[in-house]
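# Coordinate inspection notes
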Amino acid sequence: GVGVERTAPATRPALHSVAAATDPNKTCIGCTLYQGNAAACGTCGAVPGPIHPQGTCDAFAPKPA
């Protein structure tokens, strides 16, 4: 839909989404919102578009141990 394209670019900066996490304990692959694996980009429940498994953002929620 049109709304998705209009809002998607604003979501990443708002959540400070980056492709490479500076804190190894807060990578997308270790987050409950991340859907995918470490071999390729996946998707996220909070940030639209392809998500790098080693990225991070302010919505990071650690997977339960």
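Computed from a prediction, not measured in an experiment: that's the story for all the values here.

Turning our eyes to something else, we now look at the side chain of T27. Note that T27 resides in the loop between α1 (2–14) and β1 (34–35). Contacts of T27, omitting those with residues within four sequence positions, involve A21, P53, Q54, G55 and F60.

Considering every residue of the protein, the mean pLDDT works out to 88; 86% of them sit at 70 or more. Ranking the helices and strands of the protein by mean pLDDT puts β1 first, with 97, and α1 last, with 62. Counting contacts from residues 1–7, a segment whose pLDDT is below 50, to residues more than four positions away or on other chains yields zero contacts.

Another aspect to go through is the state of the cysteines. In total, this model carries zero disulfides according to the counting rule given. Not part of a disulfide, C31 finds its nearest cysteine sulfur in C44, a span of 6.2 Å. According to the relative accessible area criterion, C31 is buried, its value standing at 6%. When its relative accessible area of 21% is taken as the criterion, C44 is described as partly exposed.

Along the chain, the position of N25 falls in the loop between α1 and β1. Along the chain, N25 and T56 lie 31 residues apart, while their C-alpha atoms are 9.7 Å from each other.

What counts, and where the lines are drawn
- Residues numbered from 1 in each chain as written.
- Predicted model: local features only at pLDDT ≥ 70, side-chain atom pairs only at ≥ 80, totals over all residues.
- Heavy atoms only, no water.
- Helix = DSSP H or I, 4+ residues; strand = E, 2+ residues; numbered from the N terminus.
- Contact = heavy atoms within 4.5 Å.
- pLDDT = per-residue confidence, 0-100.
- Disulfide = S-S within 2.5 Å.
- Buried < 20%, exposed > 50% of the residue type's maximum accessible area, 1.4 Å probe, protein only.

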